[in-house]
Amino acid sequence: MDRSPYLRTFGKDSVPSWICSSCNAGQLKLLPESLITKWTKESTVVWEEEGSEPEWIKMVFACVFECSTCKEPYSCTGTGGVEEIQYEGCDGYQQYHEEYYSPKYFEPSLVLIDLPSNCPDAVLAKLHDSFSLFFADAGAALNCARASIEALLTNLKVNKTEVKKGQRFGLTLHRRIGNLPAKYQHIKDSLMAVKWLGNAGSHNGKAPTREDVLDAYDLLEWVLSDLYANKDKKLKALARIVNRRKGPVQRR
Ligand SMILES: [Zn+2]
């Protein structure tokens, strides 16, 4: 999935290719009559001052998008501003100002990775939590992505605790990933990387960015596809073989 549209702002006449999470096919179209904007109190004051610039204006907005295919509506809220657009016209160098809007929340939330149909519900729930926070809080979105790995490990029957000297201890995510059986060796590196990205979302220091969250999504998408989509394909292929033979698969 091309995730570059999820790093962009939108304008009245330019909406990135955001994919509908309901039908996974249509794109979100802005219903222009639904867009409401209001300048912040500070912007209103600053605008009255001499020498103020349009780029100083900050605003909040609310609007509704609709899927071009299935017509599912999406409410959206966020913040906005004004930017200068420069272009070379027939009369030479020209410029104009245009409002842009930066989404914080979508309801329902957008889905940012391809999810196999048989992905476990507990993993899906954590991923949907992450998607709903993606635009508003990259650190919190990473935390939820990290939590989806905990749910995934539980689904893969990796213990959450261990008993030492008669006492039960909780295992860290790091240890749980290390305890994956050998047949999952190939996904350990990816899970560990998502764990590190998730840690960055929890700890102080440089705040994580949306690009960091998209890195975690890329890794998770590959892992989920490997674990569940491929299995899906294998089972469909098996069903095709059995049906064609009208009986068991021939084995040597
Ligand atoms: Zn749709």
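Residues numbered from 1 in each chain as written. Predicted model: local features only at pLDDT ≥ 70, side-chain atom pairs only at ≥ 80, totals over all residues.

### Let's talk about the overall build of the protein
Here comes step 1: When helices and strands are tallied, the protein shows six helices and seven strands.
Here comes step 2: Shown N-terminal to C-terminal, the secondary structure of the protein runs as helices and strands in the order β-β-α-β-β-β-α-α-β-β-α-α-α.
Here comes step 3: A globule of 252 residues ought to have a C-alpha radius of gyration of about 18 Å, yet the protein, at 24 Å, is considerably larger.
Here comes step 4: Pairs at least 24 apart in sequence give 56% of the contacts found in the protein among residues at least 6 apart. (Helix = DSSP H or I, 4+ residues; strand = E, 2+ residues; numbered from the N terminus. Rg over C-alpha atoms; globule rule 2.2 N^0.38 Å. Contact = placed C-beta atoms within 7 Å.)

### Some points on the nonpolar core
Generally speaking, nonpolar side chains in soluble globular proteins are found buried as a group.
Here comes step 1: The biggest cluster of nonpolar side chains holds 44 residues, and the ones touching the most others in it are Ala141, Leu142, Ala145, Val194, Val213, Ala216 and Leu220.
Here comes step 2: Residue assignment for this core shows that the elements contributing at least two residues are β1 (28-30), β3 (58-67), β4 (73-89), α2 (121-133), α3 (138-155), α5 (185-202) and α6 (210-245).
Here comes step 3: For this core, the two domains that each supply at least three residues are domain 1 (1-110) and domain 2 (112-252).
Here comes step 4: In this structure Ala216 touches Leu142, Ala145, Val194 and Leu197, once residues within four positions along its chain are discounted. (Core = buried A, V, L, I, M, F, W, Y, C linked by C-beta atoms within 7 Å. Buried ≥ 20, exposed ≤ 12 C-beta atoms within 10 Å, placed from the backbone. Domains from an automatic or database assignment.)

### Quick notes on α3
Here comes step 1: In a regular helix each residue adds 1.5 Å, so 18 residues correspond to 26 Å; α3 covers 26 Å between its end C-alpha atoms and thus fits that length.
Here comes step 2: Taken together, the buried positions of α3 are Ala138, Ala141, Leu142, Asn143, Cys144, Ala145, Arg146, Ser148, Ile149, Leu152 and Leu153.
Here comes step 3: The first or second residue beyond α3 is Lys157, which carries a positive phi of 65°. (Expected span 1.5 Å × (residues − 1).)

### Observations concerning the packing of α2 against α3
Here comes step 1: Viewed as axis vectors pointing N to C, α2 and α3 meet at an angle of 175°, and their least axial separation amounts to 8 Å. Taken together, α2 and α3 sit at an angle that is classed as roughly antiparallel. Contacts from Ala122, Val123, Lys126, Leu127, Asp129, Ser130 and Leu133 of α2 reach α3 at Ala140, Ala141, Cys144, Ala145, Ala147, Ser148, Ala151, Leu152, Thr154 and Asn155.
Here comes step 2: Each residue belonging to the contact of α2 with α3 can be placed in one class, and the counts come to eleven nonpolar, four polar and two charged. (Axes fitted to C-alpha atoms, helices over the stretch in contact; angles between N-to-C directions. Parallel < 35°, antiparallel > 145°, perpendicular 65-115°, else oblique. Nonpolar A, V, L, I, M, F, W, Y, C, P; charged D, E, K, R; others polar.)

### Some words on the domain arrangement of the protein
Here comes step 1: Entries for the protein in the domain assignment read domain 1 (1-110) and domain 2 (112-252).
Here comes step 2: The straight-line distance from the C-alpha centre of domain 1 to that of domain 2 is 33 Å.
Here comes step 3: Listed by partner, the interface residues are nine residues for domain 1 and eleven residues for domain 2.
Here comes step 4: Taken together, the residues that form the side of domain 1 that touches domain 2 break down as six nonpolar, one polar and two charged.

### Description of α2
Here comes step 1: For α2, spanning 13 residues, the distance from its first C-alpha to its last is 19 Å, which sits close to the expected 18 Å at 1.5 Å a residue.
Here comes step 2: All of the buried residues along α2 are Val123, Leu127, Ser130, Phe131 and Leu133. Burial along α2 is one-sided: seen end-on, the buried residues are contained in an arc of 165°. (Arc of directions from axis to C-beta.)

### Some thoughts on the pairing of strand β7 (residues 167-170)
Here comes step 1: Note that strand β6 (residues 161-164) and β7 share four bridges and pair antiparallel. Counterpart to Glu162 in the pairing with β7 is Phe169.
Here comes step 2: Connecting β6 to the antiparallel partner β7 that follows it, the hairpin turn spans two residues, and Lys165 within it adopts a positive phi of roughly 45°. (Pairing = 2+ DSSP bridges.)

### Quick word on the environment of Gly178
Here comes step 1: Along the chain, Gly178 turns up in helix α4 (residues 173-178).
Here comes step 2: When the C-alpha atoms of Gly178 and Ala147 are compared, they prove to be 16 Å apart, with 31 residues separating the residues in sequence.

### Section: unusual backbone geometry
For residues besides glycine, phi is generally negative; the peptide bonds are generally trans as well.
Here comes step 1: Here Glu107 and Pro108 are connected by a cis peptide whose omega angle stands at 0°.
Here comes step 2: The topology assignment puts Pro108 in the loop between β5 (92-107) and α2.
Here comes step 3: At Lys165, a residue that is not glycine, the phi angle is positive and equals roughly 45°.
Here comes step 4: With respect to the helices and strands, the residue Lys165 is situated in the loop between β6 and β7.
Here comes step 5: For Lys165, a count of 5 C-beta atoms within 10 Å translates into the label exposed.

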